[in-house]
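Descriptive analysis of the structure
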Amino acid sequence: MKITVLYKGRSPEKEVSEKSGLAIAKALENLGHTVFLLDPAEFSYFGLIAKIKEQKSDLVFLALHGGEGENGQLQALLELEKIPFTGSNSKSCAVAMDKFLCERLVSSYGVPIAMGKLFFSVEECQSFEFLPAVVKPNDAGSSVGISMVNHAKDLPNALQEALACSSSAICQELIAGRELTVSILGEDALPTIEIKPKSGFFDYENKYTKGCTEYIVPAELDAEQAQEVQRLALLVHKIVGAQGYSRVDFIYDGKKFYFLEINTLPGMTATSLVPMAAKAVGLSFEQLVEKIVQLALQKEAR
């Protein structure tokens, strides 16, 4: 096949996207596909579509993280032009990328979430009753702009940092517990991974620097716990209408699995979690990439 890989982009996560895109492109070439790498930041939308059509690509493989690549904008453009692409449709991406909206949606189905509030400016913040708290951009990933706040006096600075990455920010209670993530591939939940940073929390540096975080695959859960977190992950995946693959993050306090967010375009770098989970069930990186391609073709056929 001829496959265009969209990577880099305009978001704060473009460095991670570049790593994902190059890894995916190499895997696709190893599988025998003809690959074109394109950076949407170098084109207008009209120019991007024209270039994809010029390449006569059979499929677009999205390796973008954050911004227009993950919030549904580029997915909507490709849908309008009837160009097949990997991952979820535009509506699902838009819902998943709005973390506050997504939390309220899955909560209505009985999935536990942390108490929180949405802020649009630093001036709105007079107080927040749940401390310590986590402050993060409402529509960014890769742990960009996230802070842990223990004292009310530190809240404005944390909000300012989050609002530098997004037009709104979430402030929510910090739930002490184990950080777990479940990757979904097709209709299946892959083995749960526990994330244990060696210092601090799972921020950008710990996420993308080798050796800074310990990953336990599968997570040390009993059979009932493992089944429950996978059930919740699949439920969230279905609620937002995600397709192909996704990754669902939770905090486990020993009693409940609290939903954090769903990533409709999770990372595909050397330290990324979806390839790690796939490896635990015997799938190589190339096999995972090919599976994502086949799931995209099945979606298009439907």
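Report on the accompanying structure. Within any chain, residue numbers begin from 1 and follow the written order of that chain's sequence. Selection of residues for local features in this predicted model requires a pLDDT of at least 70, selection of side-chain atom pairs for listing and counting requires 80 or more, and totals for whole chains, interfaces and linings are taken over all residues. Based on all heavy atoms of the structure, the side-chain values leave hydrogens and waters out of the count.

1. Considering the overall build of the protein chain
Selection criterion: Helix numbers and strand numbers start at the N terminus; a helix is a DSSP run of H or I with at least 4 residues, a strand a run of E with at least 2. Based on C-alpha atoms, the radius of gyration is set beside the globule rule, defined as 2.2 Å times the residue count to the power 0.38. Any residue under 20% of the maximum accessible area for its type is buried, any over 50% is exposed, and the rest in between are partly exposed; the area is computed with a 1.4 Å probe on protein chains only.
When its secondary structure is counted, the protein chain shows 10 helices and 13 strands. For the protein chain, whose C-alpha radius of gyration is 19 Å, the value lies close to the compact-globule estimate of 19 Å for 302 residues. When the backbone C-alpha atoms are referred to their principal axes, the protein chain occupies close to 55 × 45 × 35 Å. Per-residue burial for the protein chain yields a buried fraction of 52% across its 302 residues.

2. Topic: the pairing of strand S10 (residues 193-197)
Rule in force here: Following DSSP output, two strands are said to pair if at least two bridges run between them.
Direction of pairing for strand S8 (residues 178-185) relative to S10: antiparallel, over a ladder of three bridges. Paired with Glu179 across the two strands is Ile195, which belongs to S10. Relative to strand S11 (residues 213-216), S10 runs antiparallel, the two sharing four bridges. Counted as the bridge partner of Pro197 is Thr213 from S11.

3. Considering the packing of helix H4 (residues 90-97) against helix H5 (residues 99-107)
Note the following rule: Axis lines are fitted through C-alpha atoms, for helices just across the contact stretch, and the angle between N-to-C directions can take any value from 0 to 180 degrees. Convention used here: angles under 35 degrees read as roughly parallel, angles over 145 as roughly antiparallel, angles from 65 to 115 as roughly perpendicular, and any remaining angle as oblique. Pairs of residues are marked as contacts when any of their non-hydrogen atoms sit within 4.5 Å. Any residue that is not Ala, Val, Leu, Ile, Met, Phe, Trp, Tyr, Cys, Pro, Asp, Glu, Lys or Arg is counted as polar, Gly included; the first ten are nonpolar and the last four charged.
Relative orientation of the contacting elements H4 and H5 amounts to 95 degrees, with a least axis distance of 5 Å. Comparing their axes, H5 and H4 come out roughly perpendicular. On H5, the residues touching Val95, Ala96 and Met97 of H4 are Lys99, Cys102 and Leu105. In terms of residue class, the contact of H4 with H5 is built from five nonpolar, no polar and one charged.

4. Focus: the sheet that holds strand S6 (residues 147-149)
Here four strands make up an open sheet; going across it, the order is S4-S7-S5-S6 and the pairing antiparallel. Two strands lie at the open edges of the sheet, namely strand S4 (116-119) and S6, each paired on one side alone. Averaged over all adjacent pairs, the angle separating strand axes in this sheet is 20 degrees, with direction ignored. Each of S4, strand S5 (133-137) and strand S7 (169-173) touches H5; the most contacted strand, S4, lies at about 150 degrees to it. Strands S4, S5, S6 and S7 of the sheet are contacted by helix H6 (residues 155-163), whose axis makes an angle of about 25 degrees with S5.

5. A look at empty space enclosed by the protein
Keep this limit in mind: The method works on a 1 Å grid over the protein atoms by themselves. A cavity is a set of points holding a 1.4 Å probe that cannot get out, a pocket is an open set with protein on both sides within 12 Å along at least five of seven lines, and residues with an atom within 4 Å of a point line them. Grid points are joined across faces, edges and corners, and a volume is the space filled by probe spheres set on the points.
The tally for this structure, following the rule as stated, stands at four cavities of 30 Å³ or more. By volume, the second largest cavity amounts to about 60 Å³. Every residue lining the second largest cavity is counted, 11 residues in all, and those nearest its centre are Glu70, Ala96, Met97, Ile262 and Asn263. At the level of elements, H4 and strand S13 (257-263) are the ones that each hand at least two residues to the lining of the second largest cavity. The class makeup of the residues in the lining of the second largest cavity is five nonpolar, three polar and three charged.

6. As for the nonpolar core
The condition that has to hold: Nonpolar cores are built from buried Ala, Val, Leu, Ile, Met, Phe, Trp, Tyr and Cys residues. Side-chain atoms within 4.5 Å join them into one set.
Grouped together as the largest cluster of nonpolar side chains are 41 residues, with contacts concentrated most on Ile24, Leu28, Val60, Phe61, Leu62 and Leu78. Residue contributions to this core peak at six residues, all from helix H10 (residues 285-301). Not counting the four nearest positions on each side in its chain, Val60 is found in contact with Thr4, Leu6, Ile52, Leu78, Ile83, Pro84, Phe85 and Thr86. Listed in part, the 25 residues of the second largest apolar core include Ala96, Tyr252, Phe259 and Ile262.

7. A look at the layout of surface pockets
The rolling of a water-molecule-sized probe over the atoms marks out the regions of remaining empty space. Space inside the second largest pocket adds up to approximately 230 Å³. Residue lining of the second largest pocket: 16 residues in total, with Gly186, Glu187, Gln243, Gly244 and Arg302 positioned closest to the centre. Contributions of two or more residues to the lining of the second largest pocket are made by helix H8 (223-239) and H10. Residue contributions to the lining of the second largest pocket peak at five residues, all from H10.

8. A short note on the packing of aromatic side chains
Here is the rule: Side-chain rings of Phe, Tyr and Trp, where Trp is taken by its six-membered ring, are said to pair if the distance between their centres is within 6.5 Å; with planes under 30 degrees apart they count as stacked, over 60 as edge-to-face, and otherwise as tilted. Note on geometry: a ring has a charge over it if NZ (lysine) or CZ (arginine) is within 6 Å of the ring centre and within 35 degrees of the ring normal.
Counted under the stated rule, the structure contains two aromatic pairs. Judged by centre distance (6.3 Å) and plane angle (70 degrees), the rings of Phe250 and Phe259 are edge-to-face. Of the two residues, Phe250 and Phe259, neither departs from the other in class, the shared state being buried. Between the NZ or CZ atom of Lys299 and the centre of the ring of Phe85, over which it lies, the distance is 4.0 Å.

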